[in-house]
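Summary of structural features
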Amino acid sequence: AIPFPFEDRQISQDSQGLHYTKGEEDLGLDFESHGITYRVFPKYRPLGIKHDNVAPIFANEFTINSYAKTALGIAKGWKLVAIAGEELTAKESIATTIVKLDAFMANFALWPLVLEFKRKLSSTTSEAFEFSERPLGIVLDSRHFPVKVVSIVKDSPAERLGVKASWYLTKIAGQDVQHGRSYVEVMKMLEEVLAALGGPAMQESTKA
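Rules used in this analysis
Residues numbered from 1 in each chain as written. Predicted model: local features only at pLDDT ≥ 70, side-chain atom pairs only at ≥ 80, totals over all residues. Heavy atoms only, no water. Salt bridge = Lys/Arg side-chain N within 4 Å of Asp/Glu carboxyl O. Helix = DSSP H or I, 4+ residues; strand = E, 2+ residues; numbered from the N terminus. Buried < 20%, exposed > 50% of the residue type's maximum accessible area, 1.4 Å probe, protein only. Phe/Tyr/Trp six-rings, centres within 6.5 Å; stacked < 30°, edge-to-face > 60°. 1 Å grid on protein atoms, 1.4 Å probe; cavity = no way out; pocket = protein on both sides within 12 Å on 5 of 7 lines; lining within 4 Å. Points joined across faces, edges and corners; volume = space filled by probe spheres on them. Nonpolar A, V, L, I, M, F, W, Y, C, P; charged D, E, K, R; others polar. Polar contact = N/O pair within 3.5 Å; in protein donor to acceptor, adjacent residues only side chain to side chain. pLDDT = per-residue confidence, 0-100. Contact = heavy atoms within 4.5 Å. Expected span 1.5 Å × (residues − 1). Arc of directions from axis to C-beta.

Time to look at the pattern of salt bridges. Taken as a whole and judged by the stated rule, the model has eight salt bridges. Note that E86 is salt-bridged to K100, the shortest N-O span being 2.7 Å. Of this pair, E86 sits in strand β9 (residues 86-87) while K100 is found in helix α2 (residues 94-105), placing the two residues 14 residues apart along the sequence. With relative accessibility at 41%, the residue E86 sits in the partly exposed group. Among the residues examined, K100 registers a relative accessible area of 22% and is labelled partly exposed. The network of salt bridges with shared partners includes E86, E92 and K100.

Further remarks concern the packing of aromatic side chains. To describe a pair of aromatic rings, you give the distance between the ring centres and the angle between the ring planes. Evaluation of the coordinates by the stated rule reveals nine aromatic pairs. With a centroid separation of 4.5 Å and an interplanar angle of 10°, the aromatic rings of Y38 and W78 are classed as stacked. Of this pair, Y38 sits in strand β4 (residues 36-40) while W78 sits in the loop between α1 (67-72) and β8 (79-83); the two residues are 40 residues apart in sequence, bridging distant segments of the chain. Its relative accessible area of 9% is what places Y38 among the buried residues. Three or more aromatic residues joined by ring pairs form one cluster here, namely F31, Y38 and W78.

Once that is clear, we can look at the layout of surface pockets. Considering only enclosed or pocket space, the largest pocket measures out at about 500 Å³ in volume. Around the largest pocket sit 24 residues that line it, and R45, P46, L47, G48 and I49 are the ones nearest its centre. Among the elements of the structure, α2 and α4 (183-195) are those that each provide at least two residues to the lining of the largest pocket. Looking at the lining of the largest pocket element by element, the count peaks at four residues for α2. Its residues assigned to classes, the lining of the largest pocket shows 17 nonpolar, four polar and three charged.

Quick look at unusual backbone geometry now. Generally, phi is negative for residues other than glycine and the peptide bonds are trans, each holding for most cases. The residue after R45, namely P46, is reached through a cis peptide bond having omega -10°. Mapped onto the secondary structure, P46 falls in the loop between β5 (44-45) and β6 (49-50). With an omega of -5°, the peptide bond between A55 and P56 qualifies as cis. Within the secondary structure layout, P56 lies in the loop between β6 and β7 (61-62). One non-glycine residue, A84, adopts positive backbone phi at about 55°. Position of A84 among the secondary structure elements: in the loop between β8 and β9. One non-glycine residue, A173, lies in positive phi territory at about 50°.

Structurally, R134 is set in the loop between β12 (127-131) and β13 (138-141). For R134, the side chain forms a polar contact with the main-chain oxygen of L194, separated by 3.3 Å.

Fine structural detail should not be taken from predicted coordinates in areas where pLDDT scores are low. Of all residues in the protein, 83% have pLDDT values of 70 or greater, and the mean over the chain is 84. Per-residue pLDDT stays below 50 along residues 1-25; that stretch engages in 55 contacts with residues further than four places along the chain or on separate chains. When the criterion is pLDDT under 50, residues 199-208 qualifies, and its contacts beyond four places in sequence or with other chains add up to 26 contacts.

Looking now at α2. Compared with an ideal rise of 1.5 Å per residue, which puts 12 residues at 16 Å, α2 spans 16 Å between its outermost C-alpha atoms and is within 8% of the ideal. Where α2 is concerned, the buried positions are I94, T97, L101 and M105. The buried residues of α2 occupy an angular sector of 60° when projected down its axis, which confines them to one face. Opposite the buried face of α2, at more than 90 degrees from it, the exposed residues are V99 and A103. Looking at the buried positions of α2, the neighbouring elements they touch are β3 (29-33), β5 and β8.

Turning our attention to the environment of V153. Along the chain, V153 falls in the loop between β14 (148-152) and α3 (157-161). Placed 17 residues apart in sequence, V153 and L136 show a C-alpha to C-alpha distance of 8.4 Å.

See the structure below:
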């Protein structure tokens, strides 16, 4: 057996040399790397894998808030070879592969986005909040860096979670945005992670 410290991927080995997660063996996603097949069982969407938009799909890079990398333990260079027990053939097009993958994951919950804030920049502690819908309802000050919350939209996810105006955004999906990044870089990161949540156009870059 090959141990992996990932919650959604408990790997064991059968007599065929296939490494799979304990559970239903005819479901899940199979990835191949160096002759070994790994089966993972997603519970959320999207995976957060960046690929070349050609078949077969290789995990070339990962998004900032990647479920595949963070929770499933999928590694760079892995190739998607089967969906729900159905092997992807060499004749499979990227369009067909994406349709099958989307259908497989259609009913999964959205992988939440975790944002961390500090009440004061000098604070040694921060507060983390999980978002699974957009717009978040957070208005940021584009004239201030580190990024500061100007106001919170009424009845928004941010208000319901307890995010407050005057707080500072310090981490996006675990990545530090308090140091060494410009406002533009932070906005690009937010644009990427919010795109995965769906919904209407974002309003988080609105000037105060």
